[in-house]
Amino acid sequence: MPETTTPPQGTFAEPIFGRLLTAMVTPFKEDGSVDESRTAELAQSLVDDGHDGLVVCGTTGEYSTMTDEENEKVFRIVKEAVGEQCKVVAGVGSNDTAHTLHLASLAEGIGVDGLLVVTPYYNKPTQAGVAAHFTTVANAVKTPVMLYDIPGRAGIPILPATFEKLATHENIVAVKDAKADFAAATEVMAATDLQYYSGDDGLTLPWMAMGAVGLVGVTTHIAPALFRQLIDAVVAQDLSTAQKLHLEIAPIVSATMTRVPGCVAAKQILSWQGKLDSATVRLPHVDPTDEEIALMRADLEKSSVASTLIR
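Computed from a prediction, not measured in an experiment: that's the story for all the values here.

Give a description of the sheet that holds strand E6 (residues 172-177) that names residues and reports values.
Taken together, 8 strands build a closed barrel; the order of strands is E1-E2-E3-E4-E5-E6-E7-E8 and the barrel is parallel. Mean inter-strand twist for the sheet, computed between neighbouring axes without regard to direction, equals 25°.

Tell me what's going on with the side chain of Thr143, and back it up with residues and numbers.
Mapped onto the elements, Thr143 comes out in the loop between helix H5 (127-140) and strand E5 (145-149). One polar contact links Thr143 to Glu108, side chain to side chain, over a distance of 2.8 Å. With residues near it in sequence (within four places) discarded, Thr143 still touches Glu108, Val112, Asp113, Gly114, Leu115 and Asn171.

Mind laying out the UniProt feature "binding site: pyruvate" (unreviewed entry) in the protein chain, listing which residues take part and the relevant values?
Mapped onto this structure's residue numbering, the UniProt feature "binding site: pyruvate" (unreviewed entry) falls at Thr60 and Val216. In three dimensions, the annotated residues from a span of 157 residues occupy one location, with a maximal C-alpha spread of 10.9 Å. Among the structural elements, Thr60 can be located in the loop between strand E2 (53-56) and helix H3 (68-82). Exposure remark for Thr60: the relative accessible area of 9% places this residue in the buried category. With residues near it in sequence (within four places) discarded, Val216 still touches Leu21, Ala23, Val55, Met146, Lys176, Tyr197, Ser198, Gly199 and Asp201.

Quick one: what's the story with the pattern of salt bridges, residue by residue and with numbers?
Taken as a whole and judged by the stated rule, the model has 12 salt bridges. Its salt-bridge partner being Asp52, residue Arg228 comes within 3.1 Å of it at the nearest N-O pair. A residue pair is termed long-range when its members are at least 10 positions apart, and Arg228 in helix H10 (residues 224-235) and Asp52 in the loop between helix H2 (36-48) and E2 qualify at 176 residues. Under the relative-accessibility criterion, Asp52 is labelled partly exposed at 22%. As a salt-bridge pair, Lys79 and Asp113 come within 3.6 Å of each other at their nearest N and O atoms.

Here is what the cut-offs are and how they apply
Residues numbered from 1 in each chain as written. Predicted model: local features only at pLDDT ≥ 70, side-chain atom pairs only at ≥ 80, totals over all residues. Heavy atoms only, no water. Pairing = 2+ DSSP bridges. Helix = DSSP H or I, 4+ residues; strand = E, 2+ residues; numbered from the N terminus. Axes fitted to C-alpha atoms, helices over the stretch in contact; angles between N-to-C directions. Polar contact = N/O pair within 3.5 Å; in protein donor to acceptor, adjacent residues only side chain to side chain. Contact = heavy atoms within 4.5 Å. UniProt positions renumbered as here; feature names shortened; annotations may be inferred. Buried < 20%, exposed > 50% of the residue type's maximum accessible area, 1.4 Å probe, protein only. Salt bridge = Lys/Arg side-chain N within 4 Å of Asp/Glu carboxyl O.

The following block contains the structure:
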């Protein structure tokens, strides 16, 4: 009998936070206040569309323009709305470790399933400082931590040696990678049990092909079924289907992620789909211009499922 090969544990075993997650926008009313009912409804809609988890109050959730009280409110609304149906991961990152600890305490008190902690931005600490920041947070909570590596916003990367050090902490379990350094990630994956999530919507296929367990996306607001099918095809090792879906998704990613900031585009398209009453964003974000809207619509119309994406 030929010898069988067991798929790598990190790739095909069910990951701690699931595979398809959306970094959820925070719905605002036209006056800029948090729309509590729409927040709960959007969370439920995403779960109904096949999501395994939701990341709330991350970059796309505009957490940095929200008060701590508003962030805590959104943690609670989403946890109460869908916490029995999916994983809820709270964005608690900050460039101030003490502030991160405060937000983490609020989120943990609500009972979220995970904490998304971004690299301290603006300060540009050394790698020793980066490690100390994450370790301090992980030591202070019992909730599993997902590290968020996004040097385009933070100004610095998390280097492989730092990841390897942090991976020894039992409470640090996952990484959302938005720097697309596949060589560095391969080094970390080979040396640790950290579960990697793509932080780049359009790179979901290559990320999962090399060992990532899933995606934390923004375009997943817009075309959840396609991303669900893509992820499932990779897990089933159906490369042909995954490749076709990757190409189908490309223009939708372009509309959502390249014309204006992701939260602005996602809210605009969700409002076209009737899932938001208002596409309101908070300064310094602004509404898309007529030219930007035309580009977004042109991108979406390149998809074979355009009729389901825009009205």
